[in-house]
Amino acid sequence: MGNFIKEFKEFAMKGNVIDMAVGVIIGGAFGKIVSSLVNDIIMPGIGVLTGGLNFSENKFVIKQAVMNGTETVTPEVAITWGAFVQTVFDFLIIAFCIFVAIKMINKLKKAKEEEAAAPAPSGPTQEELLAEIRDLLKKDLEKN
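Residues numbered from 1 in each chain as written. Predicted model: local features only at pLDDT ≥ 70, side-chain atom pairs only at ≥ 80, totals over all residues. Heavy atoms only, no water.

Participant: I tried to follow the pattern of salt bridges on my own but got confused; where do I start?
Facilitator: Close approach of charged atoms lets side chains of opposite charge pair. Counted by the stated rule, this structure contains two salt bridges. Lys59 is the salt-bridge partner of Glu76, the closest N and O atoms lying 2.8 Å from each other. One end of the pair, Glu76, is in the loop between strand 3 (71–74) and strand 4 (77–79); the other, Lys59, is in the loop between helix 2 (15–49) and strand 1 (60–63), with 17 residues separating them in the sequence. The class of Glu76 is partly exposed, set by a relative accessible area of 33%. Exposure remark for Lys59: the relative accessible area of 41% places this residue in the partly exposed category. Put simply, Arg134 and Asp135 hold a salt bridge, and the shortest N to O gap is 3.3 Å. Its relative accessible area of 46% is what places Arg134 among the partly exposed residues. (Salt bridge = Lys/Arg side-chain N within 4 Å of Asp/Glu carboxyl O. Helix = DSSP H or I, 4+ residues; strand = E, 2+ residues; numbered from the N terminus. Buried < 20%, exposed > 50% of the residue type's maximum accessible area, 1.4 Å probe, protein only.)

Participant: Just to check I follow, could you spell out helix 3 (residues 81–117) for this structure?
Facilitator: Since the α-helix advances by 3.6 residues per turn, residues separated by three or four positions end up pointing in the same direction. In this model helix 3 runs 53 Å from its N-terminal to its C-terminal C-alpha over 37 residues, within 8% of the 54 Å that 1.5 Å per residue would give. Every buried residue of helix 3 is accounted for by Gly82, Gln86, Asp90 and Ile93. (Expected span 1.5 Å × (residues − 1).)

Participant: Sorry if this is basic, but what is going on with the side chain of Gln86 here?
Facilitator: Note on placement: Gln86 falls in helix 3. Gln86 sits in the buried class, given a relative accessible area of 10%. Those residues in contact with Gln86 that sit more than four places away from it in its chain are Val38, Asn39, Met43 and Phe55. (Contact = heavy atoms within 4.5 Å.)

See the structure below:
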């Protein structure tokens, strides 16, 4: 049992697991931000353009609810296609935001890699150094 706990502790403390946990937490918060963007900013604008249509409330009723006065005997059976459209729209915006974020991160990484891979200040080439040594040797031989 002690070996099992030790292995689990090693697994849980690996860098990849911790990075993944941070990513999940940040992803959840990011999802809330994007959902707010869709629900509170984008969808009202689309609602105005479509004449006040609210996608999330659209549905196709298969069977009406059976009522007994104000009491529901049998609930309505409906395909809530509007909620599905809203969810697809949320997904597309989240996917686009993640795409833009990853694109920016990759651009920063690429710039950093190019900066790190930039060649050192260029000095004389090997041929130039050999020619200089040759000339120095000629001068030395001429003196002697």
